[in-house]
Every structure is written in C-alpha cells, then in structure tokens.
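# Summary of structural features
Spelled out, the chains give:
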Amino acid sequence: MNYEPNHYQLGYFDGASSSSDESAAVEKDVLEILASRERVQEEINPSGNPVHVSLSNLDHGDRAVLRISDERDRVQKKAFTKWLNQHLCKVNCEIEDLYTDLRDGHVLISLLEILSQQNIPRETGRMRFHRLANVQHALDFLRRKRVRLENMRKEEIVDGNPKLTLGLVWIIILHYHITEVLLPGSGVQTEEVASRSQLQRSATPTENSLETPPGASRTSDLRSAKDALLLWCKKVTEPYPNIQITDFTNSWRSGLAFLALIHRFYPEIVNLNLIHPNDAHSNLQLAFSLADRHLGVRAILEPEDLLMSSQPDERCVITYLTSLYLALPHTPADVDQSAFHDEKLRRLEMYNEHAEELLSWLEQSIEALKDNEEDFPNDLIQLKNLQKNLLVFKQDIMHAKLVDKYKIDAIYDEITAMIFCEDVEAEDGMREMPISKELDKVTLNNRWVQLQFLVEQRSNTLRSHIAKVEADMSKAAKIQHDVKLIDSEIASLADRLDLEKRRSLASASSVSSQRASSNFANDNQRRNLEELDHRIWTCSNTVEQLLNDCEGLVRSNFVHAEQLKQRVLVLRQRVTDLNGELKQVAAGIPERNIFAQLNSPLAESSPGPDDKQQCASILAQINSSINWVQSQTTKLSLTEFGHDLESIQGALEAHGAFLKEVRHYRINVEQCLLLSKSFSFHYSENAEVARAVQSLEQKYAKLSGLANERESQLKSVVGFLEAATDELSHLKEVSHNLMTHCDWSEPPSVDTNEAENFLKTVTEDITTRDDNGSLRTTVYDGESLVTCQHPLAHLVKGHLQKLSAERDWVFRLISCFEHHLGCVVQYKDWHREAKASDNWLWKQEQTLQTRFDTAATLGTDVDNDRNTHEQAEALLVELYDMREMLSEHQEILKNIAKKAVKIYPLESRKTEVVDQPINCVALCSSHESSAFKVSRREKLTIVAKLGSDWTVKTAKGKSGKTPAMIVTIEPPSNEAVEFAKRLENRFQAIMNLCAEQCARIQMTSQRLIIMNKVSAIKSWTPQVFRNMQKAEREAMMRSLNEETRALLETANEFLPETMGSFELKQLSSDVEACNKIYQELSRQLKQQPSGKDKRGNSSGSLDRMLDANVDDFMARIENAQAHLVEAMRISPGSMEDIATIAQYLEDIMTSLSAIQNEYNTLRFSPCEDSNTAQMIQELTEQWDRTWFTTQSQLGKMKLFLQLHDHMTIVTCQYISKLEHTLRKQDSLPNKERPLLERREKCEDLNISLAAIQPQIDVMVELAEKLDRVLSKESSSSRGKSLPACNGLLVEAIETVQEIVDRWANIQFQCNERVKLCNIEVNLLKNFIGDYNSMCKWLDRMEKKAPYREQRLLVALDINVNDSNYVWQLANKWDEAKDFYDEVTRHHSRLEET
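Residues numbered from 1 in each chain as written. Predicted model: local features only at pLDDT ≥ 70, side-chain atom pairs only at ≥ 80, totals over all residues. Heavy atoms only, no water.

One key point about sheets: their strands pair by backbone hydrogen bonds, in either a parallel or an antiparallel sense. A sheet is described by the order of its strands in space; here five strands give the open sequence β4-β3-β2-β1-β5, paired in antiparallel fashion. Unpaired on one side and paired on the other, β4 (959–963) and β5 (967–969) mark the two borders of the sheet. Here the average twist between neighbouring strands, direction ignored, is 45°. Where strand β1 (residues 918–922) and strand β2 (residues 939–946) come together, four bridges link them in antiparallel fashion. Opposite C920, over in β2, you have L940 as the bridge partner. (Pairing = 2+ DSSP bridges. Helix = DSSP H or I, 4+ residues; strand = E, 2+ residues; numbered from the N terminus. Axes fitted to C-alpha atoms, helices over the stretch in contact; angles between N-to-C directions.)

Attention now moves to helix α36 (residues 1212–1224). Because an α-helix packs 3.6 residues into every turn, residues spaced three or four apart end up facing the same way. The terminal C-alpha atoms of α36 lie 18 Å apart, and with 13 residues this matches the ideal 18 Å at 1.5 Å per residue to within 8%. Of all the positions in α36, only I1215, L1218, E1219 and L1222 are classed as buried. Taken end-on, α36 shows its buried residues confined to a sector of 95°, consistent with a single buried face. Facing away from the buried side of α36 by over 90 degrees, the exposed positions are Q1213, K1217, R1223 and K1224. (Expected span 1.5 Å × (residues − 1). Buried < 20%, exposed > 50% of the residue type's maximum accessible area, 1.4 Å probe, protein only. Arc of directions from axis to C-beta.)

Here is a general trend for soluble globular proteins: nonpolar side chains tend to be buried in one another's company. Among the nonpolar cores identified, the biggest contains 81 residues, and I648, L738, W744, F817, W830 and I966 are the most heavily contacted of them. For this core, the leading source of residues is helix α26 (residues 793–850), giving 18 residues. Non-local contacts of I966, meaning those with residues more than four positions away in its chain, are made with W809, L813, C816, V921, A922, L923, C924, S926 and V934. Of all hydrophobic cores here, the second largest spans 76 residues; its members include L102, A260, F288 and L295. (Core = buried A, V, L, I, M, F, W, Y, C linked by side-chain atoms within 4.5 Å. Contact = heavy atoms within 4.5 Å.)

The first and last C-alpha atoms of helix α5 (residues 128–144) sit 24 Å apart over 17 residues, in line with the 24 Å expected at 1.5 Å per residue. Taken residue by residue, α5 has R128, H130, L132, N134, V135, A138, L139, F141 and L142 as its buried positions. Count one or two residues on from α5 and you reach R146, which has phi positive near 65°.

Moving on: the packing of aromatic side chains. This structure, assessed with the given rule, holds 14 aromatic pairs. Consider the rings of F258 and Y320, whose centres lie 5.7 Å apart with planes at 70°: the pair is edge-to-face. Taken together, the residues F258 in helix α10 (residues 256–265) and Y320 in helix α13 (residues 314–327) connect sequence positions 62 residues apart. In terms of burial, F258 and Y320 fall into one category: buried. (Phe/Tyr/Trp six-rings, centres within 6.5 Å; stacked < 30°, edge-to-face > 60°.)

The subject of this paragraph is the side chain of H730. The topology assignment puts H730 in helix α23 (residues 683–740). Within the local environment of H730, its side chain forms a polar contact with the side chain of D765, the two groups lying 2.7 Å apart. One polar contact links H730 to R769, side chain to side chain, over a distance of 3.3 Å. The residues touching H730, leaving out its near neighbours within four places in the chain, are D765, I766 and R769. (Polar contact = N/O pair within 3.5 Å; in protein donor to acceptor, adjacent residues only side chain to side chain.)

Moving on: the environment of G656. On the secondary structure map, G656 appears in helix α21 (residues 645–664). For G656, a relative accessible area of 34% corresponds to the partly exposed category. Separated by 52 residues in sequence, G656 and N708 place their C-alpha atoms 9.8 Å apart.

Turning next to unusual backbone geometry. Between P971 and the following residue, P972, the backbone shows a cis peptide bond with an omega angle of 5°. Within the element layout of this structure, P972 appears in the loop between β5 and α28 (974–1018). One non-glycine residue, N92, lies in positive phi territory at about 55°. Tracing the chain through its elements places N92 in the loop between α2 (60–88) and α3 (98–101). On the basis of relative accessibility, which here comes to 76%, the residue N92 falls in the exposed class. Even without a glycine there, the phi angle at R146 is positive, about 65°. Mapped onto the elements of the fold, R146 is located in the loop between α5 and α6 (154–158). Using a relative accessible area of 39% as the deciding quantity, one classes R146 as partly exposed.

This is how it looks when you write it as structure tokens:
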C-alpha cells in the first residue's frame, strides 16, 4: 500500500510514526544505562558481592541523559502540582510537594472524587497500612474505570517514588483531562484491548514479535488525542505564516504559537504588532497572563520551563493546551470547511479501500487456519516443513500486512482528528465516525488478534507434535540399544547354563570318597545357580519394561513400533526358556532343592560340641546387648524435658552425651551381626541366633529412633524458646520506647517530624516481623510444635500466648502513640493559628494607636482646613477598611474558639498532685498481664499522676495503676479556651478602639466644619448680613448650634482623650460669640428702613453699586485667566522653565486666595435685579473654573518637580554605567580567587541596588500619579488644546518606565551572576580536589610501575625446575593483576576529571 502525504497528514509516513514519547524514551535510556552498568559490574565482580552503581561510574553521555531526566521530572512535578491544585481548591485543599503529599492517599482519593463525581472509600488513620489501603482504594478505582496501570505498586506511591508518582498523575491527567476531553467517551481501555486481552489469556504465553505491547492501548489513545489536538492547533494557526506547529515541544518555545491561538479567537486582547519574535520570555509571559486574565486558564508552566530545558516537556505542553482548548471556542468563524471536508472524504475513501483489502485477507487467512486443524503427520521431516512454512507466514507475510495495518490505523486516527476539528456547534457526543462497523478500527483489530491467536495456537501445536515425535524417536533408539544388550546377556546366560548342566552330570556320575568335598561342590554349584537365577530375573524385568515402552510407541502411532515389539517378544521367549532350563538343572542337585533353599534353611547334619559352645557364646553376647539397649530405653523414657529454657538447654546438653553413647554402641550391635553370620549352625541353633539378632536390631533401632526424636524435640523447642525470648525482649523494648519516647505533657518540645519517623520505623519493623519476618516465623514454628503434639506443647502454648499478648500490646501502644501525636499536631496547628491571629490583632492595635492616634491633632491648623478635612476623610476610609478586615477576621476567631473546645489538655498530663479528680478515657485495653484491667473507651477518673503510671478509678469504684500512655484526658484544654477568650476580648477592645478613633476623626472633621462656619459668621458686616436672605441666615445659625451641640454630646463620651477641654471651651465661646453677632446684626437690620441702607440709599442704587463691584471683580478674574493661559502656553525647554511655570501658577493661586473673601461677599450679596443676579452667576462660574484649573496645573507641576528630583538620583547615565559594569563582567574567570572576587562584587552591587530601591519605588509611585492626572486631563479636554508642558511630562513618564525596566533587568542579572558564581565555585572546588587526588595517585603509580615490571620479569626468569616456581609465579601474577585492577578502577574517574 502506498499513501501520498498531503497538507493534513500528521507525519506518519515521514518517520514520525515510529517515534515514541520523549519522556518515555529518556526513562528507557536511563534504565538501560543503569542496567548495563550493573551487568558490567557483575562481570567485573563475579563473587556476587553487592556493587553500587553511582553517577560517578557513568560516562558523559549517560550523565547527560540523567540530567535531562531530572530536568523533565522537575518541570513535570511543578506543572502537575499546579494542575492538581486547580482541582483540589474545590474542596479547600492544596498541596506543596507532589511526592510527599500524595503518600497518604487522601489527596489522591479527593482528586479522583472531584474528577469522577463519585465517592471512594478511605481509611482515616495515619499509619503506614492506612496509607497503603488508601492508595490501593485509588488504584482499584482506576482499574474499575478500565485504566491500565502497569507496574504501579501501592508501596512505591506511599514511599514517594518520584518516577511512579509522576507516572500515576500523568495517567490520571491522560484519562480525565486529555482523552475524555479530546476523544469523548473513548476511555483508556477500549473494546479492542479487552477482546485482545481475553484471547491472549487463553493462548499459551510465547514470544511473539508481532504481539501488541501491554501499554499499546493507552499509547494509541494518547496518539489519537495528540493528533486531534495537533491538527486543531495547526488549523487555528494556519493564517499565521511565521508559525509552524509540528510537535508539542520546540514549536511552542518562542511563545508565538500560544499568542496566535489567543489572537485567532480574541484579536482585541492581543496586539501582534507589538510582539517581538526574538523575545521568547516576554511572549510566553504575556500569553500565560492573557490566558489567565481573559480565559481563566491558570498557567501550569513558566517561561523558564520552556526556555531553560533542552526541550520543552511534551506532557506539560499537552496538558496546558488541552485546558486552552476547553476555554476557547474550538474553531474560528472564518475557517473554510469545504477543503477540509473534501480532504476528509478522500481519506475516508482511501481508508475503506485498504481496510476492505486487509479484512478480506484476514478472513481468508483465518478460514485457512481453521480448515487445517486436522491431525498432523507423524513424520518429523513433514512436521519441520509445516513449521517452517508457518514461520515464513508469520515473519514475512504477516509482518508486511502489519505494516499495512499500521498505515490504515494512521489514516483512521487522521480521520478521527479531522472529525474532532470539523464541527464546532455539534456536541461531543454527536461526533460519529462515518465508517461502517465492519470496517472500523475495532473490527480490524479483533480480526488481527484472532489471526494472531490462531497462528500462535498452530505454532504451539506443531511444537508439541514435533517434541512428541522427537521423544518417541529417542525412546525407540533407547529400546534398540537395550535390545542389543539383553540379547548379548541372554547369550552369555545360555553359555553359563550349559556349563552348569555339564558340571551337574559330572557330579552325579562320579563316586566320591569324602562327604565334605561333595558338600563343598554342591555349595559352589548352588551359589552359581543362585547367581544365574538373579541374572535371568533381571533380564526378565528389563524385557517387560521394554515391552511396555513398545506398547506406548504403538499407542503413539510410531512408524517402527511393531517391529520393535516383535523383537522384544522374541527376547521374552528366550528368557522364559532359560528359566525352564535353570529349574531342570537345579532339580538334579542331590540332597537339596535350590528353590526351596531360597525360602527356608537347608537341612544339615547334627551339630558337634564345638558348634554348640560357639552358638551359646554368641547368644550370650547378643542377650547382653539386648539388656543394655532395654535399660537405656527405660532411662530415656524416664528423663524429663525441663520446665523452662535454661532447664531444657541443660537437658539438651545431657541428651547429647546420651545420644553419643548410643551411637557409639552401634559397634557392639554390628559385632553381634558379624558373629551370627560367621558360623554355620544347625537349623535350630541358627534360628535361635537369628531371632536374637533380629530382636537386638529392632530394639536398638527403636532406641536410636527415640534418642534422635528426643534430640529433635529438644532442639526444636530450644530454638523456639530462644527465638520467642528474643522476640518478647524486642517487643518489650519497643513498648518501653513507645511509652517513653515523647513527653506528651510538653507539646512545644515534641518534634513531630522526628516522632512521625520514629512511629514509621517502629510500625514498619513490627509489620515486617509480623508479616514475613522473625516474629511470623517464630509463631509458625510454635504452632507447628503444638499441632505435632510436642511433649512441651503446653510450654509452647504459653509462650505463644505471651507473644500474641505482647504483639497486640505493641499495636495498641502504636495506636495510642498515633493518637497522642495527632493531639500534639492539633495542639501545634491550633496554637500556630491562634498565635498568628494574636500577632495580627497586635499589629492592628499598634496601627490604631500610632497612625490613627494623630487624628486628634487634625484641624489645629485652621489656615489649611481644606487639606485637613481631606486627611480626615482619608483616615475615615482607612478606618472603615480596617473595620471590614476586623469583621472578616472575626470568623477566624470564631473558628479558633470552636477548635479550642476540641483541643486535648496535654498540659494536664504533667506529673503533679491531683487536687480534684480528672475525667479521662482509656484509648485501649490494658495489658493482659496487668492486675488492674481497663477496657477500650472506658470512662475513668484520674486519682494520682506519678511518672509513667497513673492511678485511676473506674465507674464501678475500682482503682489501680495503669500506664499513662493508654489514657487521654478529654477536651477541652483550659489553656486553649482561655487563650481563645483572650483573643476575643482583645478583638472586642480593638473594635472599641476602632470605633473610638472613628468618633475622634468624625469629631475632628465636624469641628473643622464648625470652625469654618464660625469664621464666615465673624466676617459678616451689616451690608453682607442685609444682603443675605433671612432663611439663609437662620438656617446657617441653626445648623451651627445643632452641630456644636452634637459635637459636645459626642465629646463627653471620650473626654479627655479625644480633644482637650480648652479646645471645647474655645469652640463653645466662639459659637456664643457668633450668636451674639447674629443677634446684634438682626437688631440693626430691624432698625433700618425697608428700602434704604444706613446712608439712606435706595435699593436701586444698591443694585447699581453691586453691578459695579461685579464688573470690577470680573475684570480681575479675566486678568488672572489671561495669566493662566499664558503660563499654559509656555513650551518648556529645561527644568528652569518648569520651575518658572510652577512659580507663575503659584503667584496666580496667591492672588486668587487674596480676593477669595471678597468673592464670597459678592457671591452671597442679595439683589433684586435679574441682570445683576445673572452677572453674579457668571462670576461664580468664572471663579470656579479659574480656581480649579490653576490648582490642578499647580499640582501637576509639583508632582513633576518631585519626580524630577528623584530622577536626578537614578538617571539613565547611572543605569548605563551599571549595565556597562555588568557587560565587562560577562565572562567568568576559571580560577577560584577571581571567582570569589567576582561574586563579592555582584553581592556588593546587589546591596547598592537594594539601597536605591526605595528611590525607584517612589519614582514609580509619582509617575503613576502623574500619568493618572494627564489621562484625566486628556479625557476631559474634549478637543481643546492641552498645556504645552504635557509633552515633557509624558517623556518623563516614559523615561521612568525605561529606567524601571532596565533596573529590573540589572537586578535579575546580578542575582543570576551570584548563582552562577556559586555553581562555578563548587564545580571548581570539586574539580581541583579530584585533580589533585588523581595527580597524587598517578605519581604513586608511576613510582610503582617500574618496580612491578621488574618483579614480574624476575618471576619469569625463575628456574622452571624449582618446586616453588608455580607458587612464586602465581604470587607475582596476583600482584600484577591487583596493580592492573587498580589502574582500571581509576580510569573512569580519570576521564571524568
């Protein structure tokens, strides 16, 4: 099959399909490196001693691979931690260290519950087995979700294995975040994988090069998801010609691809014209910040993660891009779908064509394999040919088809990705594959797996048939060889039998003169016949066995089985004939029948006197041995085992001497046997001796068996008791350590980390001993002794009960230790939170007492009453903010108080005299050996606390001592409750102080208002008073009196703190004076006629005078406006011009302030003429406009002058000088002292930068204020011309921004220089140390080398005839070999240096 690459092809046919995940490749390389190093060490060290592989043993390439792996792990750890926190924040949980925070399993279960919206069971304890159970619950949940977890062990996660922890988190991200989002409903384990697994389980496990690896399913899903995501990214960024996305690593390093994704959907938030293509760090930072602010996608990566490493981590990039995909609309509206749709149809047509071809071949192959399941031939050559043909089909034809299948799968994945990116509006569940079910990927995979199964099954069947035929051939060859041997043996037996026949005939025909010679001849012939009979019997058995083997070959349909069987039958007939001839020869021997002799003693002649004496002597010796054996047996049965370990050890030692004596007596028994066989007695005496010997053998065997059994029993029970004693001693030591390790009455002194490590060590030790260690072995040995009904079973049971009781006691103490440790952790956490709250309250109190205490002095400067009033308002705003913060903090205090009730009173555990009974609870039951028994959760009362044992009383009135470790005093802790109350009281005091300060500042502001009104009233003249409306005069006086009365009432609550009595008296007197002025002016007004003034002028003349005053005042205001416009038109060329403008504005402001009172008089002058009123209104508008414009321009100039003063300290020339200094120090020296000097210079520069940093901060603050003023002025200009000085101000703001940016860069460079210097200093020190060490070693070797060479040459010149030559040469050779080994060991270190 040939496929043409196209625009939408994802790179399967240009080598990309064979590339696996970069991180998995790095892991594989690391494992191969370490494994290869271990194999080399095993070859160098064949003794089996452990050899540790360290980084120093690796070459440069291997260390580079390890560095890449460590860097990748660091980036993944940081990114995965942020991803987890994004989800864990939903349950108010956050992790800091990924490796340690997942160890207890709780965070893992919480994460899975959030992602799956299902509940998972969990253990609440903190011991190791609780953590193992929680992690197991999480892994089981993932397996139930059909997530494949290869080599994922709960112990590795609990122990914090970095590789497996990262792998587990990646599996969760892949399943719940990537695959489920990009391929909805796919799951990690698809249907095809399940069917493949089922077929493979039924097949015989063999080596198959074409079999799909275990992780192929997850790899396939990841590849499909990656392809879909990559195609989406390409499609979105297609309009950007400078952005080429080919992978998930280097394509994203510049940051332009991220910005392009965001710009394609939201062009208003990204200005690509301002992007610098070469500034990757800024681009990445901008993209991550924009995605966070506008899309809600929190950055799990940092720019350094993509720039500092050799290659960005693919997993982290895919995870972040998946989050972007979820936040973005998936497909832009301007994308043309027509070309994309046509390409998808072309891909579908190509897929259907090649899939039909592959499916047809699979069906034909499967049917052919099913039809050829008939019986295989028994010919080995034919079987070998069948096996060869099957191997060719498997390795050549199937391999070629497998390549085609991979290409078809690639097209299928491309179509999946296209469908994924094609429809924007369709729901995820509506995306269906437009391929028939008969041709889809699952069907092809199922058929392929079925074909693999059938091929593997046929291969296994062929192998079994070939093995069976080869075994039959081997058996047939053995039968032929044995037939030849039996044939030669039968021929030999026939010759011997003929010889015996001749001897028998000769003996029967001859006449003997002596009886003894005749008996001797008969005895010899009898022994010969017995030998022949035994040989014939052996041949008969062998022939029968051969006949059985032949029958097996016949049943196996072996080709030559019948021929072999006929040959064996012939041999059996010959053996039968020989047996008959032997019986005929034996029947011809006189005075005996040889076959009867085999069953009973031969009849002899009557014994002589010497024979009887020998027989009696032998019988006496045998009976003496029997008596000794019986006495020792009785002694053994009466010996006791012992009642304890010491006595049993003594019994074992004594029994060893007894057993040695019994074994030594075996010599006497053997002598009796020899004596009984050395003489030939009459039948009756022979039978009596035989019976005695048989009895001796039986009784001795019984004694030996009893002695050995007793030794075994003693050794087994001694071994058990010694082991049990050691275990009891260890358990008691552990229980003692648990009870005395920590002083729980002093929680601050308890090191919780050390206590947790101690608890972990103890728990692992006891668990290991209890599961597969010495404790479990000891208990098993004891139970075996009890089951076997050992004589000391009662003693073994007692020790087993002690072991069980002590073991249970240790586990109960562990739970008590864990409880007390939890109480200490709770105590410390609560106190830390309470202390932090107390410190925060203290800081707020100090702020109230320092910053806001100066509020009482506000308003003393009446001339600056406007600024003072603004300060008072600002302070009030700050106080209101503080009061809100205090109100929010009140919830924290309530939570602290609620937790205080649950704090255990650990301080009450101190050893002291108990004045009144204290209620407590037993955490566990007491020890079984304790005289005073308490049960778990039993309510107790403490009577006395002395040391580690407390005297308690039960509810029934019984009292006794119990360990303090198993007792806990119930909450609450009086100390915690009192501390919480103190916090509450302090909080209330601060709230009262805050309210008091608010009242003070409000009174100060109110006093300022009253003083302003007093000043205005005191400035009234009769004319001003008469010009005012009556209602206005009365309202002003009424408000003055009411505000004064309210101020005095409020001040009575805070006197004398808020303001002194002098100020109140002064204020009261001023108000009274105002009342008198008002009354006097009112009296004068009543005395004047209604239409005349004091001089008798009419109201018309008054209006004319007012018009004249208004015209005159208007002219003065216009003059001030002219000066203001002139000042705004000045184009400053230097700072002197700015100062001139500021002084000009200051003069204008001074002149306006001088006529302000006159303005107020005119403004409130009454008039009856409407024209005059209109003139006064215009005057007011001109005044306000002139006043506020002058004030704002003057403030702007003052801000700029302050900014310029700071800019004179930190100038661009100063920044350039610093940058020049850094550029001169760009390259690092290669010696230690210059490096240290360079580091000191960088540190000094850092110190100087820190000293100037406050000036920079002030500059930034002033520039921001000035920028806000200019922005407000620009927005309110409405097309009017702006002041000419604004351009200079804008330049100053830009200069400040440039200075700040360059300043930040200098700070960053200085910090980086210091870090690099530290790294280089450490590397240089290590290099110098290694270099000096290697130089010394080389000098020493150079001195040894000539000496070694000379000694070796001398050894080679030794005389060969010398007997010590070999030994001397071997010694010299060992010395030379040791020298060479030492040089070899230092070679790698020398290369590294």
